[in-house]
Amino acid sequence: MIDPRTLITVLALTVSLATLLVAGRFLWCLVDALQARRYLIATVSAACIAVIFLLLAAVVVVWFGYAVAHTGKSTRNDLIVLFSTVPPFLLASIALWLLGGKLYSRLRLAKNQPSADAAPRHETGREGETDQ
């Protein structure tokens, strides 16, 4: 049987890694959005960075509250607390990861499309006429 401390350590590392990956993806998207002057995407990216860290804080608060509680702690109670916090956190992390991918694909799509201001015009020299 797996030692409960090993499972707790693995779950804590999973939560930490998920936070770093999701925050890193949104940070990358934030920087690219600011460079492309896409402020709405930059705002959403910054908000999602805040959300993932708030979710991490909620998990840590629940774990800390359980750790300092003066109740009888058993392996069963440990696992109930861990499995009631980790799966919702991971589901939210996956949803945020997918949102980050969607935002980044919109940035790449906008980067590959030339803007209307940069399109060259071929003038014929006569007023009101253009080559087509």
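Notes on the structure in this doc start here. From a predicted model like this one, the values you see are computed outputs, not experimental measurements.

Thresholds, definitions, all that
Residues numbered from 1 in each chain as written. Predicted model: local features only at pLDDT ≥ 70, side-chain atom pairs only at ≥ 80, totals over all residues. Heavy atoms only, no water. Helix = DSSP H or I, 4+ residues; strand = E, 2+ residues; numbered from the N terminus. Buried < 20%, exposed > 50% of the residue type's maximum accessible area, 1.4 Å probe, protein only. Areas by Shrake-Rupley, 256 points an atom, 1.4 Å probe, with all protein chains shown as cover. Contact = heavy atoms within 4.5 Å. Phe/Tyr/Trp six-rings, centres within 6.5 Å; stacked < 30°, edge-to-face > 60°. Lys NZ or Arg CZ within 6 Å of the ring centre and 35° of its normal.

Right, let's talk about the overall build of the protein chain for a bit. Within the protein chain one finds 3 helices and 0 strands. The linear arrangement of helices and strands in the protein chain, starting from the amino end, is α-α-α. Counting every position in the protein chain, which comprises 132 residues, the buried fraction comes to 25%. Summed over its atoms, the accessible surface of the protein chain is roughly 9500 Å², and 66% of this surface lies on carbon and sulfur atoms.

To continue, consider the environment of Ile-49. By the secondary structure assignment, Ile-49 is in helix α2 (residues 39-68). We classify Ile-49 as buried; its relative accessible area is 17%. Between the alpha carbons of Ile-49 and Thr-19 there is a distance of 9.1 Å; along the sequence they are 30 residues apart. When near neighbours in sequence (up to four residues on either side) are disregarded, Ile-49 contacts Ala-23, Phe-26, Leu-27 and Leu-30.

Before going further, it helps to spend a moment on the packing of aromatic side chains. According to the stated counting rule, one finds 1 aromatic pair in the structure shown. On the basis of an interplanar angle of 45° and a centroid distance of 5.1 Å, the ring pair of Trp-28 and Tyr-104 is categorised as tilted. Note that Trp-28 is positioned in helix α1 (residues 4-35) and Tyr-104 in helix α3 (residues 75-112), a separation of 76 residues in sequence. The class for Trp-28 is exposed, based on a relative accessible area of 52%. Above the face of the Trp-97 ring, Arg-25 is positioned so that its terminal group lies 4.0 Å from the ring centre.

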